[in-house]
Amino acid sequence: MFNKKVINGSLILLIAFGIFNLLNFLYQFAMARMLSISDYGILATLFAITYIFSVFAESIQTIVAKYTVEAKNNGQVRGLLNKSLNKGSILATKIFIVYLIICLGLAYFFKISYLLLALNGIILYFMFLLPVSRGAMQGKKRFVALGSNLIIESAMKLILGAGFVFVGWKIYGAIGGFTLGALIAFLMSFIPLKNIYEAKEEKFTNDSFYSYAKPTFFITAIIVLFYSIDVIIVKILFDPVTAGAYAIASILGKVILWVTVPIGKAMFPLSAESRNDSQSNKKILSTTIVIMILIIVSILTLFYFLPDLIVRLFSGESIIEASRVLFYLGIAFGMISLANMIFIYQLSIGKIKKYRILILCNILEVLILISSYQSIERFSISFALSSFILLIASILFARINRHL
């Protein structure tokens, strides 16, 4: 009934991502303790913008992983990597320039320093470049190397970020450490790919490359925007202290998302390889769903019975508003995780027609959240409702594509 490769791959990545997420959690823990609640709210807003940038990271890694699997040899993989890195650096520069212009308005709108917003935008380069090498590791099923690189990134972010804040650089230090951690991880990501770069480069060509890239980017954008926009809307609708409390609960809720991501990463190359074997893919999908549901239910149980303790351990103080909404946000991120897994599965087997209509989920989310400004609790319940709609849409999307 279950696929052993999914279980083994998931186990490796679960351990690696577990350490990665623990270090990320410690980073957030350190920032929550070292910064004021209002400053942490600003940091959460900057990270929400960064999460939107991760549309590029997730889609690029998915695309590179997909075509690494389909490449005939290491020479073609090298050609794919070089082509992707060149195009990524050019596109990152163009988007960074546009971002700097947009930040002139964002600085006024969010009441955040323009210099801070600009510094936050440097991460764009790593959103385009780091996923290329990681996508190759994922496609080659080098899960240990992929996990190690993630751990290096999060460890550097924690050490540098906390160190910079400690010496008095505050939010600038937090963002600076975050960016330098990504740079170090990028430079070290080429070490596990040494044998690929030793191969003679061959031109990588695939007629379906761009036709696959378009829906991949679109669907990734839908998911990333879905779990990022709530923090931004809270920053606009509520006072700084309330926004900071929500940000703390949101970070804790995202633990569900972070813990379940490696399962999808392990599933992707396996389901891509056996996309023409329906029986094998059914085992892969069922194994993935069972593992994810067990994890989600376990975390939600803790959120339901121990919300105040979890918030206190994380922030160092009792924050009633954060404790009150933690379970609702956990439900929301659990449903987003399941929806994301369904979309990743569809991308891996190449059944991704009729995807544009999914943008309605984001539109509905924004409308529902804006109309729920009366209290942070109502806002959180509305976010959970929006996430339920996304999950239903993902299931319908999969069923429709099955018959196309």
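Description of the structure in this document. (Residues numbered from 1 in each chain as written. Predicted model: local features only at pLDDT ≥ 70, side-chain atom pairs only at ≥ 80, totals over all residues. Heavy atoms only, no water.)

## A word on the overall build of the protein
Along the backbone of the protein there are 14 helices and 0 strands. Taken from the N to the C terminus, the helices and strands of the protein come in the order α-α-α-α-α-α-α-α-α-α-α-α-α-α. Expected size for 404 residues packed as a compact globule is a radius of gyration near 22 Å; at 20 Å, the protein falls within 12% of this value. The principal-axis extents of the C-alpha atoms in the protein amount to approximately 55 × 40 × 35 Å. The buried share among the 404 residues of the protein stands at 57%. The long-range share in the protein, meaning contacts at least 24 apart out of those at least 6 apart in sequence, stands at 84%. (Helix = DSSP H or I, 4+ residues; strand = E, 2+ residues; numbered from the N terminus. Rg over C-alpha atoms; globule rule 2.2 N^0.38 Å. Buried < 20%, exposed > 50% of the residue type's maximum accessible area, 1.4 Å probe, protein only. Contact = heavy atoms within 4.5 Å.)

## Some remarks on helix α3 (residues 74–110)
For α3, built from 37 residues, the straight-helix expectation of 54 Å at 1.5 Å per residue is missed by more than 12%, its first-to-last C-alpha distance being only 47 Å. Considering bend angle alone, the principal kink of α3 is centred on C103 and spans about 35 degrees. If you check the start of α3, you find a side-chain oxygen 3.0 Å away from the backbone N of G75, and it comes from N73. Once α3 ends, the next one or two residues include K111, with phi positive near 60 degrees. (Expected span 1.5 Å × (residues − 1). Bend = angle between axes of the 7 residues up to and from the residue. Polar contact = N/O pair within 3.5 Å; in protein donor to acceptor, adjacent residues only side chain to side chain.)

## Observations regarding the nonpolar core
Of all hydrophobic cores here, the largest spans 141 residues; its most connected members are M31, Y40, L43, F383 and L390. When residues of this core are assigned to their parent elements, the largest contribution, 18 residues, is made by helix α2 (residues 37–70). In contact with F383, other than residues within four places in its own chain, are F226, Y227, D230, Y246, L329, A332, F333, I336, E365 and L369. (Core = buried A, V, L, I, M, F, W, Y, C linked by side-chain atoms within 4.5 Å.)

## Re the packing of helix α13 (residues 359–370) against helix α14 (residues 376–402)
Following both chains from N to C, one finds α13 and α14 inclined at 165 degrees, their axes separated by 9 Å at the closest point. As far as their axial angle goes, α14 and α13 are roughly antiparallel. The crossing of α13 and α14 is right-handed. Across from C361, L364, E365, I368 and L369 in α13, the residues of α14 making contact are F379, S382, F383, S386, I389, L390 and A393. Along the lines of polarity and charge, the residues of the contact of α13 with α14 split into 9 nonpolar, 2 polar and 1 charged. (Axes fitted to C-alpha atoms, helices over the stretch in contact; angles between N-to-C directions. Parallel < 35°, antiparallel > 145°, perpendicular 65-115°, else oblique. Left-handed = near helix turned anticlockwise from the far one by under 90°. Nonpolar A, V, L, I, M, F, W, Y, C, P; charged D, E, K, R; others polar.)

## Section: the pattern of salt bridges
Applying the stated rule across the entire model yields 5 salt bridges. Note that R134 is salt-bridged to E153, the shortest N-O span being 2.6 Å. With a gap of 19 residues between them, R134 in helix α5 (residues 123–139) and E153 in helix α6 (residues 143–188) connect regions that are remote in the sequence. Each member of the pair, R134 as well as E153, carries the same accessibility label: buried. (Salt bridge = Lys/Arg side-chain N within 4 Å of Asp/Glu carboxyl O.)

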